[in-house]
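# Coordinates in review
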Amino acid sequence: MLADRLRGIEGSPTLVLAAKAKALAKAGKPVADFTAGEPDVPTPAHVKRAAIEAIEANRTYYTPVAGIPELREAAARHLNQARGTRYEPSQLLVSDGAKHSLYNAFQALCQAGDEVLVFSPYWVSYPPLVQLASAKPVIVATREEDGFLPDPAAVRQALTARTKALVLNSPSNPTGAVIDEGRLKALAALALERNLMVITDEIYDALVYPPAAHRSILQASPELAKQTVLVAGVSKTYSMTGWRIGFAAGPKEWIEAMTNVQSHSTSNPASISQHAALAALTGDQGCVADMRRQFEQRRNRLVEGLSRLPGLRCQKPDGAFYAWCNVSGLGQPAGAIAAQWLEDALVATVPGEGFGAPQHIRFSFAASGETIERGLRALGAWSAKRGGKACRTA
Ligand code: PMP
Ligand code: GLU
């Protein structure tokens, strides 16, 4: 009875595994949880205060579908300042998280017969989001030797007459790769030449560790703005994952079409969350720098610790908050290893299968220093118990 376009689509594995780890912790197990892609630090106090004030001032009614004008304006300014783009508030659509922004984009802009290029390893939701719009995800592999950076020549090879769009995600979830100016320019040139739509997901733009720096494809090629949807939000930058606010910027006509999709599905995002997001974008940005510094230290500690474990290979990510470890040295697929880590060592991670990469396991280092130390100790003991050899067979 289910719709054909749902074939093969399951729940987001990151969310499923994060829920499983949380349930174990609630049941009293000392699980070291590296699953969730969300900062463990609280939402900044001034943001929470703005939400409380919004409730007390009765800003609790429907708002315009695309978001309150002040927030659209603040989001446009926020994106323009960092990228030199020239978005007007009318080119911004505020949605229920960046995932919803992406959903609206694919629904409004793709259809049956369209092919959408997605680089692997990919964030788990890109292929299902494309399929939910009846279009076809076409996976273009990146290579570990290239730091998981996209190869414009591989993109050219994947092009067909049906190629409609290209999805970029820099910094990347799960690899942490930050795409450099040269590759962005080459990808932009290709997109312009073939009139491809570009969906650039820059949700981790504020989480890049020096000397790396975030660069948008719209800085590398401002003229590409006419065929690009830029997606960003407050979930990661301001530790606001539960508030559900993301935004998309793009050509006015496209944003209007996406707003129509939203107007018939979810209407405006929660009014209170919008006021909180406004405070986040317009308030003191010190909290962002603090979080970035904390995450940088945790990254260094986690990657160093994981690299010492036999059978694991882990590059230091330039951005986002994930350590992406090659576990092929352990002799079993990632899913089997992650299951053993959870069962035998109470270490919860996300195996790479859902990211199109069955030899890797993702650790989120948006976890406390204490969790990182406990997880490393548990994995060290697990590894020692096996004499540093490959795992038992399932
Ligand atoms: N894009 C990427 C690459 C992500 O990792 C996430 C994480 N959830 C999202 C989009 C969606 O963010 P949000 O929570 O704002 O929907
Ligand atoms: N994006 C985060 C992650 O990859 C949150 C979970 C999700 O939205 O799938 O863990």
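Below, the structure is looked at part by part. Every residue gets a number counted from 1 within its own chain, in the order that chain's sequence is written. As a convention, the first chain written is A and the first ligand written is 1, with the rest following in written order. Residues qualify for local features only when their pLDDT is at least 70, as the model is predicted, and side-chain atom pairs are given and counted only at 80 or more; totals for whole chains, interfaces and linings, by contrast, use all residues. Water and hydrogen atoms were dropped before computing side-chain values, which therefore reflect all heavy atoms in the structure.

### Topic: the pairing of strand 4 (residues 136-141)
We call two strands paired when DSSP finds no fewer than two bridges between them. Secondary structure elements are taken from DSSP: a helix is a run of H or I of four residues or more, a strand is a run of E of two residues or more, and numbering for both begins at the N terminus. Where strand 3 (residues 115-120) lies against strand 4, six bridges are found, and the strand directions are parallel. From the neighbouring strand, Ser120 faces strand 4, where its bridge partner is Ala141. Here, the term right-handed applies to a crossover whose path from the first strand over the helix to the second runs clockwise when the strands point away from the viewer. After leaving strand 3, the chain enters helix 5 (residues 126-132) and then returns to the sheet as strand 4, a path that is right-handed.

### Quick look at the sheet that holds strand 9 (residues 313-314)
Taken in spatial order, the four strands make up an open sheet running 9-10-13-12, and their pairing is antiparallel. If you trace the sheet from one side to the other, it starts and ends with strand 9 and strand 12 (350-351), each paired once. In this sheet, strand 13 (residues 360-364) lies alongside strand 10 (residues 322-326) in antiparallel orientation, the contact comprising five bridges. Bridge pairing links Asn326 to His360 in strand 13. Contacts from helix 12 (residues 334-345) reach strand 12 and strand 13 within the one sheet, and its direction differs from that of strand 13 by about 45 degrees. Whether two residues are in contact is decided by their heavy atoms: any pair within 4.5 Å suffices. Fitted lines through C-alpha atoms give the axes, limited to the stretch in contact for helices. The angle between two N-to-C directions lies from 0 to 180 degrees.

### Looking at the sheet that holds strand 3
In space, the seven strands of this open sheet follow the order 2-8-7-6-5-3-4, with mixed pairing throughout. Looking at which strands have only one partner, the edges of the open sheet turn out to be strand 2 (92-95) and strand 4. Between one strand and the next, the sheet's axes are offset by a mean angle of 20 degrees, whatever the strand orientation. Running over the sheet, helix 3 (residues 69-83) touches strand 2, strand 7 (228-233) and strand 8 (246-249) and is turned about 115 degrees from strand 2. On top of the sheet, helix 9 (residues 252-263) reaches strand 2, strand 6 (197-201), strand 7 and strand 8; it is set at about 25 degrees to strand 2, its chief contact.

### Points about the pairing of strand 10
Successive residues of a regular strand alternate their side chains across the two faces of the sheet. Of all five residues in strand 10, five are buried, a share of seventy percent or more. For every residue, the accessible area obtained with a 1.4 Å probe (protein chains only) is divided by the maximum for its type, and the residue is called buried under 20%, exposed over 50%, and partly exposed between those limits. Side chains of strand 10 alternate between two faces, with Tyr322, Trp324 and Asn326 and Ala323 and Cys325 buried alike. Of the pairings in the sheet, the one linking strand 9 to strand 10 comprises two bridges and is antiparallel in character. Looking at the pairing, Arg313 lines up with Asn326 of strand 10.

### Let's talk about the site of ligand 1
For this description, a residue counts as near a given molecule or strand if any of its non-hydrogen atoms is within 4 Å of it. Taken together, 13 residues sit near ligand 1, with Asn173, Asp201, Tyr204, Ser235 and Lys236 positioned nearest. At 2.7 Å from an oxygen atom of ligand 1 is found a side-chain nitrogen or oxygen belonging to Asn173. Polar contact criterion, stated in full: a pair of N or O atoms within 3.5 Å, where within protein one must be able to donate a hydrogen and the other to accept it, and residues adjacent in sequence count only if both atoms are side-chain atoms. Contact between ligand 1 and Tyr204: an oxygen atom at 2.7 Å from a side-chain N or O atom of the residue. We get accessible surface area from the Shrake-Rupley algorithm with a probe of 1.4 Å; when it comes to residues, only the shown protein chains can shield them. A total of 390 Å² of accessible area belongs to ligand 1 in isolation, and the protein chains cover 93% of it.

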